[in-house]
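Chain and residue survey
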Amino acid sequence: MTTIINTVQKLKERYKSLREGQPNIRIREAAKLLGVSEAELLATSIGEGVVRLEGNWADFILHCRDLGRVMALTRSEGCVLEHKGTFQKISIHGSDPHQVATVIGPIEQRIFFSNCKFGFAAEIQGARGLMKSFQFFDQAGEAIMKIYLQRESNEDVYEQLKNEYKAIDQMADLDIETIKTPEYASEIDEAGFRKEWEEMKDTHDFFGMLKRYRLHRQEALRKIGDKWAYRVDRLVIREVLEKAAEQELPIMIFAGNRGNIQIHQGKVKNLRQIDNWFNVMDPDFVMHLNEDSIDEAWVVHKNTEDGLVSSIELFDHSGELVAQYFGLRKPGIPQNVAWKKLVDTLKRI
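Being a predicted model, the structure only gives us computed values, none of them experimental. (Residues numbered from 1 in each chain as written. Predicted model: local features only at pLDDT ≥ 70, side-chain atom pairs only at ≥ 80, totals over all residues. Heavy atoms only, no water.)

**A look at the overall build of the chain**
Operational definition: By definition, any uninterrupted DSSP run of H or I lasting at least four residues is a helix, any uninterrupted run of E lasting at least two residues is a strand, and each is numbered from the N terminus. Radius of gyration: C-alpha atoms only; globule rule: 2.2 Å multiplied by the number of residues to the exponent 0.38. Accessibility here uses a 1.4 Å probe with only protein chains present; expressed as a share of the type maximum, an area under 20% marks a residue as buried, one over 50% as exposed, and anything in between as partly exposed.
Counting its regular elements, the chain contains ten helices and 18 strands. Taken over C-alpha atoms, the radius of gyration comes to 21 Å for the chain, in line with the 20 Å a tight globule of 349 residues would show. Its C-alpha atoms give the chain principal-axis dimensions of roughly 60 × 45 × 40 Å. Taking all 349 residues of the chain together, 49% fall into the buried category.

**Observations regarding the nonpolar core**
Spelled out, the test is: What is meant by a nonpolar core is a set of buried Ala, Val, Leu, Ile, Met, Phe, Trp, Tyr and Cys residues, joined one to another through side-chain atoms within 4.5 Å. Should any heavy atoms of two residues lie within 4.5 Å, those residues are considered in contact.
Grouped together as the largest cluster of nonpolar side chains are 31 residues, with contacts concentrated most on C79, I237, M287, L289, I312, L314 and Y325. Looking at which element gives the most residues to this core, the answer is helix α9 (residues 236-247), with five residues. Setting aside its immediate chain neighbours within four residues, M287 contacts C79, V80, L81, L241, I253, F278, N279, V280 and Y325.

**Structural notes on the UniProt feature "domain: Haemin-degrading HemS/ChuX" (unreviewed entry) in the chain**
Note the cut-off: UniProt positions are given in the numbering used here, feature names are shortened, and annotations may be inferred rather than shown by experiment.
As recorded in UniProt, the feature "domain: Haemin-degrading HemS/ChuX" (unreviewed entry) lies at residues 215-346. Within the segment residues 215-346, helix and strand shares are 21% and 45% respectively, and the terminal C-alpha atoms sit 26 Å apart.

**Notes on the domain arrangement of the chain**
Stated formally: For each domain, the first and last residues come from an automatic or database assignment. A simple way to read buried area is as the amount of 1.4 Å-probe accessible surface that goes missing from two parts once joined, with both sides added. Definition used for salt bridges: Asp or Glu carboxyl oxygen within 4 Å of a side-chain nitrogen of Lys or Arg.
Assigned domains of the chain: these are domain 1 (1-165) and domain 2 (190-260 + 286-345). Contacts between the two partners involve 18 residues from domain 1 and, on the opposite side, 19 residues from domain 2. Between domain 1 and domain 2 lies a buried interface of about 1,500 Å² when both sides are counted; carbon and sulfur atoms form 50% of it. Between D138 and R258 there is a salt bridge, with the nearest N and O atoms lying 2.5 Å from each other.

**A closer look at the packing of α9 against helix α10 (residues 337-344)**
Applied cut-off: A fitted line through C-alpha atoms represents every axis, and for helices the fit uses only the stretch in contact; the resulting angles, taken between N-to-C directions, go from 0 to 180 degrees. The handedness criterion is simple: a crossing whose near helix is rotated anticlockwise from the far helix by less than a right angle is left-handed, and one whose near helix is rotated clockwise is right-handed. Three classes are used: nonpolar for Ala, Val, Leu, Ile, Met, Phe, Trp, Tyr, Cys and Pro, charged for Asp, Glu, Lys and Arg, and polar for all others, with Gly counted as polar.
The geometry of α9 relative to α10 is characterised by a closest axis approach of 11 Å and an angle of 145° between their N-to-C directions. Considering only the axes of α9 and α10, their crossing is right-handed. Across the interface between the two elements, V240, K243, A244 and Q247 from α9 touch A338, W339 and L342 from α10. Residue composition of the contact of α9 with α10, grouped by class: five nonpolar, one polar and one charged.

**Here we look at helix α2 (residues 27-34)**
Condition: Note that the arc is computed from the directions linking the helix axis to the C-beta atoms.
Taken residue by residue, α2 has I27, R28, A30, A31 and L34 as its buried positions. Across the axial projection of α2, the buried residues extend over an arc of 165°, all falling on one side. Directly after α2, the chain includes G35, whose backbone phi takes a positive value near 75°.

**Structural notes on the sheet that holds strand β12 (residues 260-266)**
Paired through their backbone hydrogen bonds, the strands of a sheet run either parallel or antiparallel. To keep things clear, this is the line we draw: In short, DSSP must find at least two bridges between two strands for them to pair.
Pairing within the open sheet is antiparallel, and its nine strands lie in the order β4-β5-β6-β12-β11-β18-β17-β16-β10. Both edges of this open sheet fall to β4 (89-93) and β10 (229-232), since each of them pairs with a single strand only. Adjacent strand axes in the sheet meet at a mean angle of 20° when their direction is disregarded. In the sheet, strand β11 (residues 251-256) pairs with β12 via six bridges, with the strands oriented antiparallel. Across the sheet, the residue bridging to G256 is I261, located in β12. On the sheet, α9 packs against β10, β11, β16 (294-304), β17 (307-316) and β18 (321-327) and is oriented at approximately 135° with respect to β17. Sheet strands in contact with α10 are β10, β11, β16, β17 and β18, and its direction is about 50° off that of β17.

**What about the side chain of N257?**
Filter applied, for reference: For this analysis, a polar contact is any N or O atom pair within 3.5 Å, provided that within protein one partner can donate a hydrogen and the other can accept it, and provided that sequence-adjacent residues contribute only side-chain to side-chain pairs.
For N257, the position within the fold is in the loop between β11 and β12. Within the local environment of N257, its side chain forms a polar contact with the backbone oxygen of R75, the two atoms lying 2.9 Å apart. For N257, the side chain forms a polar contact with the main-chain oxygen of I144, separated by 3.1 Å.

This is the structure in structure tokens:
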């Protein structure tokens, strides 16, 4: 235990020194500079506004309905989505430890609890005052999702959850793990792969197909041929969202990580370019897209029982998915003609 305490104290001192030189640095960036995970860095403040949590995370999320209006934040490496609203409807599927939550309402998420390992309640003083939040991290200490209280939030419920799920041993080792990179096939049955793609009945069939063929998502796009997928300018989302805003065209945005996917459904209005970040700054929805992180953009078409569904997919320099963009649609309803027309105007490269 002494070794753990000494290690935490040294990291805490390094973090304090870093912030003295860069007072506005975000904890995620500070963790990278210090060579640790964000969870490890946040844990240096346990006892000083941070409380470590433990328990069944699926049960915890169900209680989040009682928090009222909050701000939910989820990010990939290059895209941050923030929604203000309530955890209106939550459904838990599967059995522990592979449970999945479907959150529907103003906040829409797909939470994969098998990749949710660490949880904290954090009360941190910021430029806007004291910010109270629940923060969750995966096995590698990378952030999965954060839930920030708002003025209208129920602080009594926050306190109840913080106390009910408070870990017995606050200073226990976080036991950070290195997550193995999946192994992909060097050769596949390409004819069979193309046939399955063409005969898809639902966009969700795509994930099972990738798993069966042991294909990386980006490699699948390269193999399928330009009838179904082709590259466009990597900064194409500027143009797409500007046209969607002009036309008042409702869209869907997916962004997330191995533990949570957050989804925006609706129109976008207030677009702003700030340095290398392209942003949506609407009252209850914010998107921050780091354009420096984008290496490739693809238009992707998939068959469904409702007809063709078209998306734009962004990948970073390591081949990981940054974000996806669709026209807003529901099962049983064909793709919006205006969205397909917009996608078809994008120049291939």
